[in-house]
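Residue-level structural notes
One-letter residues, chain by chain:
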Amino acid sequence: MTTSYLWTPAAVRSLPIRGRAERLPINRIFCVGRNYHAHAVEMGKPVDKSQQRPFYFTKSPQALVDSGATVAYPPQTGNYHHEMELVLVVGKPGFRVKQEDAHTIIYGYACGLDMTRRDLQLVARDQGKPWDLAKDIEQGAICSEVVPMEGVVLEHGAIELSVDGVTKQKSDIDKLIWNIREIIADLSQFYHLEPGDLIYTGTPDGVGPVVSGQRLEGRIEGVGEITLQVGPAA
Ligand code: MN
């Protein structure tokens with residue numbers, strides 16, 4: 001029997017896949033905080049891996065926007081920041097996945113921008129409040145096409161971002177504090193990971209503000225490219 005709804009349900013969020021006509025349906029969006037030492041230091045919160053576990057926040061799938069879009073400068077911020085990130089795409093279910101098995105649930109990778117209301121984030125952080133308003137932003141999760149790489153664990157590759165042609169972030173994914181295997185093993189202690197879950201793996205140093213009219217261009221060696229145009233205020 002077909003379910004009838006009071007109104008038309010919101011559309012399934014999805015991403016293009018390189019080399020395929022189908023789009024990849026999105027389930028959840030997880031983000032790793034402070035996963036490059038130089039970025040943790042620039043935020044004034046250095047990480048001691050021997051004493052800490054990774055931490056996470058989430059974004060709504062409704063926040064997802066394709067690479068190449070023009071997005072509104074969001075309300076309630078005066079310090080909207082770019083964070084260029086490697087995005088891991090889960091392709092199989094996984095719960096309490098061992099590090100040595102982590103590759104078995106990987107579908108592929110993409111380039112992502114974890115856009116952030118930095119002003120609100122710093123206030124929330126310092127007052128011990130949640131990060132939702134700082135991170136779960138309408139049009140604030142940008143993602144490129146997904147590049148299928150089933151079972152592949154990326155361990156290195158240049159990651160960089162420019163704003164209006166000026167390089168702002170430049171690092172390598174070999175500098176991840178918690179690598180791909182460690183993230184999957186740790187996050188899957190808390191969640192039954194599912195196909196279509198995205199994991200934004202954290203940003204390198206060089207984060208900074210954007211303003212209306214600016215163009216962002218990012219790339220990750222071996223993965224691809226992402227672009228974003230910042231439009232007028234919402
Ligand atoms: Mn981030």
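In what follows, the structure referred to is the one given above.
Cut-off values and rules
- Residues numbered from 1 in each chain as written.
- Predicted model: local features only at pLDDT ≥ 70, side-chain atom pairs only at ≥ 80, totals over all residues.
- Heavy atoms only, no water.
- Helix = DSSP H or I, 4+ residues; strand = E, 2+ residues; numbered from the N terminus.
- Polar contact = N/O pair within 3.5 Å; in protein donor to acceptor, adjacent residues only side chain to side chain.
- Contact = heavy atoms within 4.5 Å.
- Donors = N, O, S within 2.8 Å, 3.2 Å for Na, K, Ca; no water.
- Buried < 20%, exposed > 50% of the residue type's maximum accessible area, 1.4 Å probe, protein only.
- Pairing = 2+ DSSP bridges.
- 1 Å grid on protein atoms, 1.4 Å probe; cavity = no way out; pocket = protein on both sides within 12 Å on 5 of 7 lines; lining within 4 Å.
- Points joined across faces, edges and corners; volume = space filled by probe spheres on them.
- Nonpolar A, V, L, I, M, F, W, Y, C, P; charged D, E, K, R; others polar.
- Salt bridge = Lys/Arg side-chain N within 4 Å of Asp/Glu carboxyl O.

Some details on the side chain of T116
When you line up the elements, T116 lands in strand β10 (residues 116-117). Polar contacts involving the side chain of T116 include one to the side chain of K135, which spans 2.7 Å. Ignoring anything within four residues of it in the chain, the contact list for T116 reads N79, Y80, H81, E83, Q121, A134, K135 and I137.

Focus on the coordination of the manganese ion
Coordination of the manganese ion by the protein involves E83 (OE), E85 (OE) and D114 (OD), with metal-donor separations of 2.0 to 2.1 Å. Its relative accessible area of 4% is what places E83 among the buried residues.

A few points about the sheet that holds β10
Here we have three strands laid out as an open sheet, ordered β10-β7-β16, and antiparallel in their pairing. Looking along the sheet, the strands with just one partner apiece sit at the ends: β10 and β16 (208-209). Here strand β7 (residues 80-82) pairs with β10 via two bridges, running antiparallel. Bridged to Y80 within β10 is R117.

Points about the pairing of strand β9 (residues 106-114)
The side chains of a regular strand alternate between both faces of the sheet. The element β9 is largely enclosed, with a buried count of nine among its nine residues. Of the pairings in the sheet, the one linking strand β8 (residues 84-90) to β9 comprises seven bridges and is antiparallel in character. Residue pairing across strands places L86 opposite C111, the latter belonging to β9. Both β9 and strand β12 (residues 147-148) contribute to a ladder of two bridges, which runs antiparallel. In the strand pairing of β12, Y109 is matched with V147. Relative to strand β11 (residues 141-143), β9 runs antiparallel, the two being bridged by three bridges. Within the sheet, the bridge partner assigned to L113 lies in β11 and is I142.

Regarding empty space enclosed by the protein
This structure, assessed with the given rule, holds one cavity of 30 Å³ or more. Its boundaries defined by the atoms lining it, the largest cavity holds a volume of some 110 Å³. Around the largest cavity sit 17 residues that line it, and G33, R34, H39, Q121 and W131 are the ones nearest its centre. Sort the elements by how many residues they give to the lining of the largest cavity and helix α2 (residues 118-127) lands first, with three residues. The residue inventory of the lining of the largest cavity, partitioned by class, reads five nonpolar, five polar and seven charged.

With respect to the pattern of salt bridges
Any two side chains of opposite charge can pair, given that their charged atoms come close. Counted by the stated rule, this structure contains 16 salt bridges. Two residues, R53 and D186, come together in a salt bridge whose shortest N-O distance is 2.8 Å. Note that R53 is positioned in the loop between α1 (37-42) and β4 (56-59) and D186 in helix α4 (residues 180-187), a separation of 133 residues in sequence. Exposure remark for R53: the relative accessible area of 48% places this residue in the partly exposed category. A relative accessible area of 10% places D186 in the buried class. Put simply, R215 and E217 hold a salt bridge, and the shortest N to O gap is 2.8 Å. Residue R215 is classed as partly exposed on the basis of its relative accessible area, which comes to 35%. Judged by its relative accessible area of 38%, E217 is partly exposed. Three or more residues are tied together by salt bridges with common partners; here these are K59, E83, D114, R118 and K135.

Digging into unusual backbone geometry
Even without a glycine there, the phi angle at Q76 is positive, about 65°. Position of Q76 relative to the elements: it lies in the loop between β6 (70-73) and β7. What makes Q76 exposed here is its relative accessible area of 67%. Even without being glycine, Q139 reaches a positive phi, approximately 65°. Positionally, Q139 belongs in the loop between α3 (132-135) and β11.

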